[in-house]
Amino acid sequence: MKFVIVGYGRVGSRTARILEQEGHEVVVVDNDYDRIRRAETDGFETRQGDGEDEDVLIAAGIDTADAIGSFTPDLNVNFAACMVGKHHGCRTVLRIDEDYREDIYEKYAEDVDDIIYPERLGAAGAKTAMLGGDFNVVADLAANLQLTVIEIRDGSPAVGKRMSEIDLPESARIYAHGRAHESLTIPLPGTELEVGDEVALIAETERVDDVRSALLPAA
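Residues numbered from 1 in each chain as written. Predicted model: local features only at pLDDT ≥ 70, side-chain atom pairs only at ≥ 80, totals over all residues. Heavy atoms only, no water.

*Asks:* Pulling in residues and values, what's your account of the overall build of the protein?
*Replies:* The secondary structure content of the protein amounts to 7 helices and 9 strands. Going through the 219 residues of the protein one by one, you find that 50% of them count as buried. The contacts in the protein between residues at least 6 apart in sequence include a share of 58% that link residues at least 24 apart. Within the structure as shown, the protein displays about 10700 Å² of accessible surface, and the carbon and sulfur contribution to it stands at 43%. (Helix = DSSP H or I, 4+ residues; strand = E, 2+ residues; numbered from the N terminus. Buried < 20%, exposed > 50% of the residue type's maximum accessible area, 1.4 Å probe, protein only. Contact = heavy atoms within 4.5 Å. Areas by Shrake-Rupley, 256 points an atom, 1.4 Å probe, with all protein chains shown as cover.)

*Asks:* Run through the side chain of Thr72, naming residues and quoting values.
*Replies:* Here Thr72 shows up in the loop between strand E4 (67–70) and helix H4 (75–87). On the basis of relative accessible area, Thr72 is assigned to the buried category, the value being 14%. Here Asp74 takes part through its backbone nitrogen, which lies 3.1 Å from a polar atom of the side chain of Thr72. At 2.7 Å, the side chain of Thr72 forms a polar contact with the side chain of Asn78. In this structure Thr72 touches Val6, Gly7, Val77, Asn78 and Arg95, once residues within four positions along its chain are discounted. (Polar contact = N/O pair within 3.5 Å; in protein donor to acceptor, adjacent residues only side chain to side chain.)

*Asks:* Residues and numbers for the sheet that holds strand E6 (residues 114–116), please.
*Replies:* An order of E3-E2-E1-E4-E5-E6 is seen for the 6 strands of this open sheet, with the pairing classed as parallel. This sheet does not close on itself; its edge strands, each paired only once, are strand E3 (45–48) and E6. Between one strand and the next, the sheet's axes are offset by a mean angle of 20°, whatever the strand orientation. Summarising the sheet, strand E1 (residues 2–6) and strand E2 (residues 25–30) pair through 5 bridges and their orientation is parallel. Residue pairing across strands places Ile5 opposite Val28, the latter belonging to E2. (Pairing = 2+ DSSP bridges. Axes fitted to C-alpha atoms, helices over the stretch in contact; angles between N-to-C directions.)

*Asks:* Can you tell me about the confidence of the model for the protein, naming the residues and giving the values?
*Replies:* This prediction gives the protein a mean pLDDT of 82; 83% of its residues lie at or above 70. In the predicted structure, residues 134–142 sits below a pLDDT of 50 and forms 21 contacts with residues beyond four places in sequence or in another chain. (pLDDT = per-residue confidence, 0-100.)

*Asks:* Break down the pattern of salt bridges for me, with residues and values.
*Replies:* Applying the stated criterion across every chain, the model contains 9 salt bridges. Here Glu45 ties to Arg47 by a salt bridge, and the two come within 3.3 Å at their closest N and O atoms. You can call Glu45 partly exposed: its relative accessible area is 36%. Overall, Arg47 belongs to the partly exposed group, its relative accessible area being 28%. Note that Arg179 and Asp197 form a salt bridge whose closest N and O atoms lie 2.5 Å from each other. Highlighted residues: Arg179 in the loop between strand E8 (173–178) and strand E9 (198–204) and Asp197 in the loop between E8 and E9, separated in sequence by 18 residues. Arg179 sits in the partly exposed class, given a relative accessible area of 25%. Taken together, the shared-partner salt bridges connect Arg91, Asp114 and Arg173 into one network. (Salt bridge = Lys/Arg side-chain N within 4 Å of Asp/Glu carboxyl O.)

Given below as structure tokens:
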């Protein structure tokens, strides 16, 4: 798969390295000369320029990329880059910092595929979001987060519910879903859960019991 990473700071550089190590193609975009040189030294193809500039992103291959992750500290740059990516049919992943108000989060969340908080998930969460459900990243997760795959069993309170209707803790996210004996894929909000389905989640360790209560039978 091909990915465009906007911003080669702490989150962007780590995400790029994880993707590259798994065999994916990565192009780095940054307007800072020193960060571009560092990305090139790390072996990445680069484009120097503003991440919100469509011409720069086209030069980086946004028109053939599978996803764009915009991880600069500037929310406006990140959002503009994601909108360019959305226009070109990419999966869009936006970085937002935890100190933004909930209404700001909701405003941006409506227009992108996924939002990551570096303070919570770090680069592993960003990489997971960009892949839309590739969960071979346990070693990269923060100590207070837990990855789990749960089978939906007969008697589960989630049977018959749409993804958007499942009552999970705020810190928990379903990143992939699959029918029985099928591969996990990106979940859609309207997908109804059936007995035998599997869902892959990431949640704070202290809330895992709440996640299980929402998805497993009471027994």
